[in-house]
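# What the coordinates show
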Protein chains: 2
Amino acid sequence: MRTASAGPEIERLITLLAKLPGLGPRSARRAALHLLGKRDAVMRPLADALADAADKIRACSTCGNLDVTDPCAVCAAPNRAEKEICVVETVGDLWALERAGAFKGRYHVLGGVLSALDGVRPDDLNIAKLIERASDEAVTEIVLALNATVDGQTTAHYLADKLEPCGVSVTSLARGVPVGGELDYLDDGTLAAAFRSRSAV
Amino acid sequence: MRTASAGPEIERLITLLAKLPGLGPRSARRAALHLLGKRDAVMRPLADALADAADKIRACSTCGNLDVTDPCAVCAAPNRAEKEICVVETVGDLWALERAGAFKGRYHVLGGVLSALDGVRPDDLNIAKLIERASDEAVTEIVLALNATVDGQTTAHYLADKLEPCGVSVTSLARGVPVGGELDYLDDGTLAAAFRSRSAV
Ligand SMILES: [Zn+2]
Ligand SMILES: [Zn+2]
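In this text, all values refer to a predicted model and were calculated from it rather than measured experimentally.

Residues and elements named next belong to chain A. Distances from the zinc ion (ligand 1) to its protein donors, Cys60 (SG), Cys63 (SG), Cys72 (SG) and Cys75 (SG), fall at 2.3 to 2.4 Å. Each of the 4 donor atoms around the zinc ion (ligand 1) contributes to a set of angles spanning 103 to 116°, which defines the coordination as tetrahedral. Here the donor residues for the zinc ion (ligand 1) map to a single chain with the spacing C-x2-C-x8-C-x2-C. Here cysteine 75 lies in helix α4 (residues 73-76) and cysteine 63 lies in the loop between β1 (58-59) and β2 (66-67), a separation of 12 residues in the sequence. Residue cysteine 63 shares its accessibility class with cysteine 75, and that shared class is buried.

All right, on to the layout of surface pockets then. Computed from the structure, the largest pocket encloses a volume of approximately 490 Å³. Lining the largest pocket are 21 residues, and of these A:Thr90, A:Val91, A:Gly92, A:Asp93 and B:Leu33 lie nearest its centre. Listing elements by their share of the lining of the largest pocket, those giving two or more residues are α5 (91-100) of chain A together with α2 (25-36) of chain B. Considering only residue class, the lining of the largest pocket consists of 8 nonpolar, 7 polar and 6 charged.

Let's shift gears to the sheet that holds strand β3 (residues 84-88) of chain A. Residues and elements named next belong to chain A. What the 4 strands build is an open sheet, ordered β4-β3-β5-β6; its pairing is parallel. Lying at the two open borders of the sheet, with one neighbouring strand each, are β4 (106-109) and β6 (169-172). Between one strand axis and the next, the sheet turns through 25° on average, direction left out of account. The pairing of β3 with β4 spans 4 bridges and is classified as parallel. In the strand pairing of β4, cysteine 86 is matched with tyrosine 107. Of the strands in this sheet, β3, β5 (141-144) and β6 are in contact with helix α7 (residues 150-163), which crosses β5 at around 170°.

With that out of the way, let us pick up the interface of chain B and chain A. The interface is formed by 53 residues belonging to chain B together with 53 residues belonging to chain A. Counting each side, the surface lost to burial between chain B and chain A is near 4900 Å², with a carbon and sulfur contribution of 70%. In this assembly, chain B and chain A are joined by 4 salt bridges. For the salt bridge of B:Asp52 with A:Arg12, the shortest nitrogen-to-oxygen distance reads 3.7 Å.

Before going further, it helps to examine unusual backbone geometry. Of note, the amide linkage connecting A:Asp70 to A:Pro71 takes the cis form, showing an omega dihedral of 5°. One can find A:Pro71 in the loop between β2 and α4.

The next thing to look at is the sheet that holds strand β6 (residues 169-172) of chain B. Residues and elements named next belong to chain B. The 4 strands lie next to each other as β4-β3-β5-β6, forming an open sheet whose pairing is parallel. In the strand order of this sheet, the two ends are held by β4 (106-109) and β6, each with one partner. Each neighbouring strand pair of the sheet contributes to a mean axis angle of 25°, computed without reference to strand direction. Of the strands in this sheet, β3 (84-88) and β4 touch helix α5 (residues 91-100), which is tilted by about 155° from β4. Against the sheet, helix α7 (residues 150-163) engages β3, β5 (141-144) and β6, with an angle of about 170° to β5.

All right, on to the coordination of the zinc ion (ligand 2) then. By definition of the ideal shapes, four donors in a tetrahedron about a metal sit 109.5 degrees apart, and six donors in an octahedron sit 90 or 180 degrees apart. Residue and element names in this part refer to chain B. The zinc ion (ligand 2) binds to the protein through Cys60 (SG), Cys63 (SG), Cys72 (SG) and Cys75 (SG), with metal-donor distances spanning 2.3 Å. In primary-sequence terms, the residues that donate to the zinc ion (ligand 2) follow C-x2-C-x8-C-x2-C. For cysteine 63, a relative accessible area of 1% corresponds to the buried category. Exposure remark for cysteine 75: the relative accessible area of 11% places this residue in the buried category.

The rules behind these values
Residues numbered from 1 in each chain as written. Chains lettered and ligands numbered in written order. Predicted model: local features only at pLDDT ≥ 70, side-chain atom pairs only at ≥ 80, totals over all residues. Heavy atoms only, no water. Donors = N, O, S within 2.8 Å, 3.2 Å for Na, K, Ca; no water. Tetrahedral: all angles 85-135°; square planar, octahedral: opposite > 155°, others 65-115°. Helix = DSSP H or I, 4+ residues; strand = E, 2+ residues; numbered from the N terminus. Buried < 20%, exposed > 50% of the residue type's maximum accessible area, 1.4 Å probe, protein only. 1 Å grid on protein atoms, 1.4 Å probe; cavity = no way out; pocket = protein on both sides within 12 Å on 5 of 7 lines; lining within 4 Å. Points joined across faces, edges and corners; volume = space filled by probe spheres on them. Nonpolar A, V, L, I, M, F, W, Y, C, P; charged D, E, K, R; others polar. Pairing = 2+ DSSP bridges. Axes fitted to C-alpha atoms, helices over the stretch in contact; angles between N-to-C directions. Contact = heavy atoms within 4.5 Å. Buried area = accessible area lost by both parts, 1.4 Å probe. Salt bridge = Lys/Arg side-chain N within 4 Å of Asp/Glu carboxyl O.

Next up, the structure:
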């Protein structure tokens, strides 16, 4: 990380840039030089956007989504179905589903998944609030959109048990061949699931 | 780039992060979420470091290096040889040589190389100042540390011509097998140069 003659101000900038996921020391140095060449177009606006977002963005107390308002824009939207809640691990997953336009109900961000290895227990996740929301009579379906990992599936089973008394139907995303996916490269579990859930053409 | 429910503040942050070399839209989204989870440890310090560097860092009017002082720390260092000037294309190249501890003289940053394709002409580079510096009696050697590209070599030849009347010796970095380099993967030009410049073991 030492850049010798770069001076402490640039060193500090490079050290902080290198903390971004996807940027190592080398690309952080490249990014710092790139920014110093575009101070008014990128560097100062980025400084402002970072400070602004750090101050204004908060977690929605209803669903855990990140927004400048609480409740967030999704929770506040009058045209989104209140009866369906889609449970995701992270805000990034929520964004992915929104980009896909896959769902027009409300969300619930767990903030992770149960993990014996990482010591994540039910109390560490946003589960109590989910049970509370699912107990509302207006809610009829909880869609579990968790990652198809061991921890994701363990969490899904745990949530299905917890949600049973709430009188909602609990569903999860279909397993199958992804668009553009080549059978030869798919794991056996996916192939078997896709086969079981086959449908008429 | 649309992240739908993310809101304009996060959208703006993601758009600006995606302008960093090495970060695409996907990694910019990941970086934004990562930063929002580390506001005090990374996000606000990064905002400050960016604003601070944008305001304070300037190009050294002697050598073109970036620093908070003018002349820069390298030009001002009393213990660095004044008689040797190493010419580099960019500040990043200067940093690389400093990291390697390869050189204890002064530098001169050209700001690029001559390029017919990109329309870079001699007047676009920091050449006049180099000639002026090379004309100083205290300077005895100019080391051309330009990239081993076609444009880099064209520029080296142009500079060698221009520097001839200055009465300095003009040298360039040796060509050879890089440390850890496998002969089988080296291009013919490098191999031939390494062979010509072979030395006793
Ligand atoms: Zn919300
Ligand atoms: Zn300087």
